Amino acid sequence: MPSVRPIASRAGFLLALMLLSSPADAAPRGAPQVIGCSGPFSKDVSHERIVKAFGKRNVAVEAVGIGEGEMQVASVIFPRDPARRVEVLWIDAKRRRKASEIRTGIDATWRTEQGIRRGMPLSEVEALNGRPIELWGFGFDYGGTTLDWKGGALETQAGGCTLVLRFAMRAGADNAAVYIGEQSLMSDSEAMRKADPVLDQVMLKFTE
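The structure contained in this document is the topic of the report that follows. These figures come from a predicted structure and were not determined experimentally.

So, the overall build of the protein chain
A count of helices and strands for the protein chain gives five helices and 11 strands. Residue pairs at least 24 apart in sequence account for 57% of intrachain contacts in the protein chain once pairs closer than 6 positions are excluded. Carbon together with sulfur atoms contributes 54% to the accessible area of the protein chain, which is approximately 11,500 Å² in total.

Topic: the packing of aromatic side chains
By the definition in use, this model includes six aromatic pairs. Measuring from ring centre to ring centre gives 5.6 Å for Phe41 and Trp110, while their planes differ by 80 degrees; the resulting arrangement is edge-to-face. Taken together, the residues Phe41 in the loop between strand 1 (33–34) and helix 3 (47–54) and Trp110 in strand 6 (residues 110–111) connect sequence positions 69 residues apart. A relative accessible area of 2% places Phe41 in the buried class. Assessed through its relative accessible area of 5%, Trp110 is described here as buried. Ring plane angle 90 degrees and centroid distance 5.5 Å describe the contact between Trp136 and Phe140, whose orientation is recorded as edge-to-face. Of the residues examined, Trp136 reaches a relative accessible area of 25% and is grouped as partly exposed.

A look at the side chain of Asp196
Structurally, Asp196 can be placed in the loop between helix 5 (190–195) and strand 11 (198–205). On the basis of relative accessible area, Asp196 is assigned to the buried category, the value being 18%. Of note is the side chain of Asp196, whose polar atom sits 3.2 Å from the backbone nitrogen of Ser123. If we skip the residues at most four places from it in the chain, Asp196 touches Pro121, Leu122, Ser123 and Arg170.

Re the sheet that holds strand 10 (residues 184–186)
The strand order across the open sheet built from three strands is 8-7-10, with neighbouring strands paired in antiparallel fashion. Each having just a single partner strand, strand 8 (146–148) and strand 10 make up the two edges of the open sheet. Here the strands of the sheet are splayed against their neighbours by 40 degrees on average, with no regard to which way each runs. Of the strand pairs in this sheet, strand 7 (residues 134–136) and strand 10 are connected by three bridges, and their pairing is antiparallel. Looking at the pairing, Trp136 lines up with Ser184 of strand 10.

Digging into the sheet that holds strand 9 (residues 162–168)
In space, the six strands of this open sheet follow the order 2-3-4-5-11-9, with antiparallel pairing throughout. The open sheet terminates on both sides in strands that have one partner only, identified here as strand 2 (59–67) and strand 9. Across the sheet, the axes of successive neighbouring strands diverge by a mean angle of 30 degrees, strand direction being ignored. Sheet topology note: the strand 2/strand 3 (residues 70–77) ladder contains eight bridges and is antiparallel. Each residue of the ladder has a partner; that of Ala60, found in strand 3, is Val76. Here helix 3 sits on the sheet in contact with strand 2, strand 3 and strand 4 (86–92), set at roughly 120 degrees to strand 2.

Calculation criteria
- Residues numbered from 1 in each chain as written.
- Predicted model: local features only at pLDDT ≥ 70, side-chain atom pairs only at ≥ 80, totals over all residues.
- Heavy atoms only, no water.
- Helix = DSSP H or I, 4+ residues; strand = E, 2+ residues; numbered from the N terminus.
- Contact = heavy atoms within 4.5 Å.
- Areas by Shrake-Rupley, 256 points an atom, 1.4 Å probe, with all protein chains shown as cover.
- Phe/Tyr/Trp six-rings, centres within 6.5 Å; stacked < 30°, edge-to-face > 60°.
- Buried < 20%, exposed > 50% of the residue type's maximum accessible area, 1.4 Å probe, protein only.
- Polar contact = N/O pair within 3.5 Å; in protein donor to acceptor, adjacent residues only side chain to side chain.
- Pairing = 2+ DSSP bridges.
- Axes fitted to C-alpha atoms, helices over the stretch in contact; angles between N-to-C directions.

Right, here's the structure in full:
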């Protein structure tokens, strides 16, 4: 006669699984996630608060690239999940507190409070801003990064941070005129209109 597993044993097993899972683990993987300058991403955030918000299993300390071959230690949320990866760099790196920059991974699905998301064309972001945007030309480490919102709607963010976006070239675009290195262009320039790059990364920057 086949053995029957006691009900109490099954209940204990299920309870153990529930205790091992953090709220972040239980969140639907495909659900939209909002990144902004408040809540777990506010200026006064710390590594400890990030762990509390997302679960110890979902936060790691790693060295990340910051451009031009330089590295910096950061707290990384969902380090093994490209769609949810977020890197938090610190003003106080030793104690890992006071965020200087919070940025999504390049394959992340996070959205800003204004609905800005990876893959959005520059022309659509300009429309949300309500004014042309100044950004670096392409062809170096910081290429395609916004420099000035020119007083538009995206210049001021609730929570006191600065929204910085990095754009990438779309395949087959007429982009030769925007590969100018460390020079800036306006989003409504003829060169940018032809290239119409798409959003690759969202960054929130804080000052001391």
